[in-house]
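# Results of the structural survey
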Amino acid sequence: MPPERFDHFMARANATYYAQHIFGQDFTTAPEISQVFGELLGCWAKVVWQMLGAPADVIFAEAGPGRGVLMADALRAWATPNVHFIEASPKLRAEQAKRVPHAAWHASLSSIPAGPLILIGNEFLDALPVRQFVRRASGWVERYVENGAYVEIPADYQLPDDPLGSVREVNEAAISFCRELSARDGIGLFIDYGPAESAAGESVQAIRNGIYADPLSYPGEADITAHVDFARIKRTVHAQGPVKQNQFLSALGLYQRSDFLAQKHPEKALDLRLSVQRLTAPEAMGSLFKVLAVCPDHMPPLPGFA
Ligand code: SAH
C-alpha cells in the first residue's frame, strides 16, 4: 500500500470506529453528563428561531448526534417537528432512532432540504480529519501513514514560519462544513475542545477502551480527535464567539435550571451539583471547551454571546 495522507487515514479509522462502537464506555460527552446540557441548547435554538421571525418550516439539525441524548433533551425545551440528523454510522443511527424516532437522517449537510436551518454539533468537528504538517529544515512536510508509522512528504502548503520541529494541523473538513453551512445562511452552534487562538502544536489523540492510545496503532478501534481551530473557522466564515463553555452555559441558565431540578428531585441533587461542576470547572470541561456560532453577519448577538 502506498503511504496514506494522515487526514485520509483518520477519516477511514473514525468511520470504522463509529460504525462499530456506541462509545459511552470510551469517553463521556456533555449531554451524557447532564440532561440540562441538551435542555439549554434546546432553549438556545428556540430563542434563535424566534430571532429569525419564527419561520414555520424551520429545520432543527444535529451533526454527529452520538446516542441521540442531546436532541431528546433539547426537544423537551423546543418541541419542533422538523428534526434532521447528520450521521455516518448505521449503528449510531439505530441508537438515535430509539430516542428521536421522527428524525430524518443524512450522510452530509448537502442533502438537508433548503430553508431556515438551526444546527447543533457537540464534539462533532473534533472527529473530522485533520492534515498534519511538520516544519523541517527543508521546509514544511506533510505526514502520511505507512505500515503504522509516519512518513513525511514535502508539502506545497501556505503555513506560518514556525520554528523547526513545529507541527501544524489543518482541519479542512471542519472548515468546509462551516463554509457550506454559512453559504446556505444556516445558523450552527459548535461546542468543542480547542484553543481560542490558532497556534502550532499537535493535538491529535486517540482513545481506545477509555485509555489514551497511539493514534496510528489501532485504526478503527480508537476514537481519533483533534482540537478545533475556532479562530481559523472565524477567519473563514462569519461567526460569533468563541466563548468558554462555562461562560456560555451559565449565561443560558445552567445554575438556575439545575437548582430547580434539584429542588423538585432532592434525591438527584448531589448528581446535579457534580454534573454542573464537570461542565463548568476550568480543569474539567469549563474552559477547554469553547462555543462558536456560525451565523449570517446581520444577526444581533445570539444568546450566550452578548
Ligand atoms: N454529539 C455526541 C457524539 C459525539 S461523537 C455527543 O456529544 O455525545 C462524534 C459523532 O460524530 C458520532 O455520532 C459520529 O458517528 C459522528 N461523526 C463523526 N464523523 C462524521 C462524519 N464524517 N460524518 C457524519 N458524522 C460523523
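Please read all numbers here as calculations on a predicted model, not as lab measurements. (Residues numbered from 1 in each chain as written. Predicted model: local features only at pLDDT ≥ 70, side-chain atom pairs only at ≥ 80, totals over all residues. Heavy atoms only, no water.)

### Structural notes on the overall build of the chain
We apply this condition: The secondary structure listing takes helices from DSSP runs of H or I that are at least 4 residues long and strands from runs of E that are at least 2 residues long, numbered from the N terminus. Throughout, exposure labels follow a simple rule: accessible area from a 1.4 Å probe, protein chains only, divided by the maximum for the residue type, with under 20% read as buried, over 50% as exposed, and the rest as partly exposed. Any two residues whose heavy atoms approach within 4.5 Å are treated as being in contact. Each accessible area value is a Shrake-Rupley result obtained with a 1.4 Å probe; residue values ignore everything except the protein chains displayed when judging cover. Charged residues are defined here as Lys and Arg on the positive side and Asp and Glu on the negative side; His and the ends of the chain fall outside this count. The atoms used to mark charge sites are NZ of Lys, CZ of Arg, CG of Asp and CD of Glu.
Counting its regular elements, the chain contains 11 helices and 15 strands. The principal-axis extent of the C-alpha atoms belonging to the chain is close to 60 × 45 × 35 Å. Going through the 306 residues of the chain one by one, you find that 54% of them count as buried. If you take every contact in the chain between residues at least 6 apart in sequence, the share linking residues at least 24 apart comes to 73%. A total of about 13700 Å² of accessible surface is found on the chain, and carbon and sulfur atoms cover 53% of it. Measuring between centres, the 27 positive side-chain charges of the chain sit 4 Å from its 34 negative side-chain charges.

### A few points about the sheet that holds strand β4 (residues 104–106)
For clarity, the threshold we go by: The rule for pairing is simple: two strands pair if DSSP sees at least two bridges between them. All axes here are fitted lines through C-alpha atoms, helices being fitted over the stretch that makes contact, and every angle between N-to-C directions spans 0 to 180 degrees.
One open sheet holds the seven strands; their spatial order is β4-β3-β2-β5-β10-β15-β14, and the pairing between them is mixed. Every other strand in the sheet has two partners, leaving β4 and β14 (239–244) as the edge strands with one partner each. For this sheet, the mean angle separating the axes of adjacent strands, direction not counted, is 20°. Bridge count between strand β10 (residues 187–193) and strand β15 (residues 289–294): six bridges; the pairing is antiparallel.

### A look at the pattern of salt bridges
So the rule is basically this: Only one rule defines a salt bridge in this text: a Lys or Arg side-chain nitrogen within 4 Å of an Asp or Glu carboxyl oxygen.
The full count for this structure, using the stated rule, is 16 salt bridges. Between Glu 32 and Arg 67 there is a salt bridge, with its nearest N and O atoms 2.7 Å apart. Taken as a pair, Glu 32 in helix α2 (residues 30–33) and Arg 67 in the loop between β2 (59–63) and α4 (69–77) lie far apart in primary sequence, 35 residues in all. What makes Glu 32 partly exposed here is its relative accessible area of 28%. We note a salt bridge from Arg 208 to Glu 221, for which the minimum N-O separation is 2.9 Å. In this pair, Arg 208 is assigned in strand β11 (residues 205–208) and Glu 221 in the loop between β12 (211–213) and β13 (223–225), connecting sequence segments 13 residues apart. On the basis of relative accessible area, Arg 208 is assigned to the partly exposed category, the value being 25%. Taking the relative accessible area as the measure of exposure, Glu 221 reaches 37% and is therefore partly exposed. Three or more residues are tied together by salt bridges with common partners; here these are Arg 5, Asp 7, Arg 131, Glu 142 and Glu 172.

Everything listed is a geometric property; what it means functionally is a separate question.
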